[in-house]
Amino acid sequence: MQTWLIDSDNFMKEDTLRRLGAILRNGGLVVFPTETVYGIGGNALDMAAARRIYEVKGRPSDNPLIVHVADPDDAVRYVRELSDDARLLIRAYWPGPLTLIMPKNDVVPLATTAGLATIAIRCPRHEGARALIRAAGIPIAAPSANKSGRPSATRFDHVKEDMEGFVDAIVDGGASEIGLESTVLDLTAPVPTILRPGAVTKSMLETTLQKAVAMGRLASETEAPKSPGMKYVHYAPKGEVTVYYGAIESIASHVNAVVAADEKRRHAVICASEDAASFHVETVLGIGHADDPDAIAKELFSALRDMDRLKIERIHIPAFPEAELGAAIMNRLLKAAGYRTMRLDEKNTKKT
Ligand code: TXA
Ligand code: MG
């Protein structure tokens, strides 16, 4: 199909928003920017639109979609009730990169929630995203705009690569401000549980709720793989990714030796900018200072996609600091690595 490509200047024009709103109301799909990553949007109240999203993304239809609303007050229309915790969090973090899982009401079809009695809702902070949802006049179901298994899309190039020809329109919103998907918090569990870490961190949530928040996993990560090869395919570049723990000197000498001994394959390193000079490897991407997780988060998916573009076969990545936003960075990185890690100490090196 022909995909309408829209540049950022055109996007916010009244006429463009009106046309995009009509496309969405009529069951079409629009790829649009949010502050986290790009999303593939469709009418959340339309079973056929939800099915098209699954088809285009190549996503198993048992993996539910996040419903996006234009204004924080709109969430109440799609849930059985808003708990006190939900109200506190909405007031503190919406619009913003926090998705809340709550009991759904009958307005939302089961195709959108993959048959679940719960719904994931988020009100994005990106002004263009909110303007688009408002123009459509309906809630918008939107998973990340990548083909299933690939790194999420944080640049116009990425969404064009994955989605051109498969959706009705793609909006160019430039580079995503945050670069990692929203925090997903399950409010239907006995203790509020983070299913996916993001820019709204555990300590932020605990401060707002004045109680402990647990760490969990998305159902899509805990279910038994349908075939052995399907396990841990999230965010994965085609090359083999290894995440290293230990002192940077030890990591660099190990990686430099491995690369020197394996001239036939293409190797690359993705690391903190200040460590880039330690590696004697043709392709080294410094993606931000270790003490600047915002910068690293913004570049991470783009760097993983660069690996495929450069046809890299082995990708070496020293672990980044895990505090706060670092938890979200390491969560995506370990998934991209299929949990393949190695600990390098000065004396003994041990594979984990
Ligand atoms: O930042 C984001 O959240 C982006 C942008 C586009 O808003 N969207 C996004 O959607 O990352 P997606 O579909 O790629 O990831 C949503 C995750 C899925 O892994 C899904 O399993 C989980 O949220 N999820 C959705 N509804 C759920 C529910 N009712 N219960 C448990 N998990 C749910
Ligand atoms: Mg996704």
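Residues numbered from 1 in each chain as written. Chains lettered and ligands numbered in written order. Predicted model: local features only at pLDDT ≥ 70, side-chain atom pairs only at ≥ 80, totals over all residues. Heavy atoms only, no water.

### A short note on the site of ligand 1
Threshold: Consider each residue's heavy atoms; a residue with any of them within 4 Å of a molecule or strand counts as near. Two N or O atoms form a polar contact when they lie within 3.5 Å of each other; inside protein one atom must be a possible hydrogen donor and the other a possible acceptor, and for residues adjacent in sequence the pair counts only when both atoms belong to side chains. Surface accessibility follows the Shrake-Rupley procedure with a 1.4 Å probe radius. Residue values consider only the protein chains on display as shielding. Comment: elements are numbered from the N terminus, with helices defined as DSSP H or I runs of at least four residues and strands as E runs of at least two.
Around ligand 1 sit 24 residues in total, of which T36, R59, N63, H68 and S182 are the nearest. Here an oxygen atom of ligand 1 sits 2.6 Å away from a polar atom, N or O, in the side chain of H68. Contact between ligand 1 and T118: a nitrogen atom at 3.0 Å from a side-chain N or O atom of the residue. In the complex, 94% of the free accessible area of ligand 1, which totals 680 Å², lies under the protein chains. Per element, the largest residue contribution to the shell around ligand 1 is 3 residues, and it comes from strand β6 (residues 118–122).

### What to know about unusual backbone geometry
Operational definition: Residue burial is assigned from relative accessible area. The probe radius is 1.4 Å, only protein chains are included, and a residue is buried under 20% of its type maximum, exposed over 50%, and partly exposed in between.
Between W94 and P95 the backbone carries a cis peptide bond, its omega angle lying at -10°. Even without being glycine, A114 reaches a positive phi, approximately 55°. Under the relative-accessibility criterion, A114 is labelled partly exposed at 22%. With phi around 55°, K311 is a residue other than glycine that occupies positive phi space. Judged by its relative accessible area of 59%, K311 falls in the exposed class.

### Some details on the confidence of the model for the chain
Convention followed: Known as pLDDT, the predictor's confidence for each residue is given on a scale from 0 to 100. In what follows, a contact means two residues having at least one pair of non-hydrogen atoms within 4.5 Å.
Put simply, the chain has an average pLDDT of 94, and 95% of its residues get 70 or more. In this model residues 225–232 is a low-confidence stretch, pLDDT under 50, and it forms 5 contacts with partners more than four residues away in sequence or in other chains.

### Some details on the pattern of salt bridges
For clarity, the cut-off: Salt bridges are identified by distance alone: a Lys or Arg side-chain nitrogen within 4 Å of an Asp or Glu carboxyl oxygen.
Evaluation of the coordinates by the stated rule reveals 23 salt bridges. Here D71 ties to R134 by a salt bridge, and the two come within 3.3 Å at their closest N and O atoms. Taken as a pair, D71 in the loop between β4 (66–68) and α4 (84–93) and R134 in helix α5 (residues 127–136) lie far apart in primary sequence, 63 residues in all. What makes R134 partly exposed here is its relative accessible area of 45%. Taken together, the salt bridges that share partners define one network made up of R150, E161, D162, K238, R305 and D308.

### Comments concerning the nonpolar core
Operational definition: We define the nonpolar core as a collection of buried residues of types Ala, Val, Leu, Ile, Met, Phe, Trp, Tyr and Cys that are connected through side-chain atoms lying within 4.5 Å of one another.
Counting 43 residues, the largest nonpolar core has V31, L89, L98, L100, I121, L185 and L205 as its most contacted members. Of all hydrophobic cores here, the second largest spans 29 residues; its members include Y235, I296, A328 and L334.

### Focus: the side chain of T201
With respect to the secondary-structure elements, T201 resides in the loop between β10 (193–196) and α7 (202–209). With relative accessibility at 7%, the residue T201 sits in the buried group. The contacts of T201, once residues within four sequence positions are left out, are E324 and L325.

### Remarks on α4
Quick note on the threshold: Starting at the helix axis, one direction is taken to each C-beta atom, and the arc is that of these directions.
Along α4, the positions that sit buried rather than exposed are D85, A86, L89, I90 and Y93. On an axial view of α4, the arc spanned by its buried residues comes to 130°, and they lie on one face. Of the exposed residues in α4, those oriented more than 90 degrees away from the buried face are D84 and R91. In this structure, the buried residues of α4 make contact with β5 (98–103), β9 (183–186) and α7.

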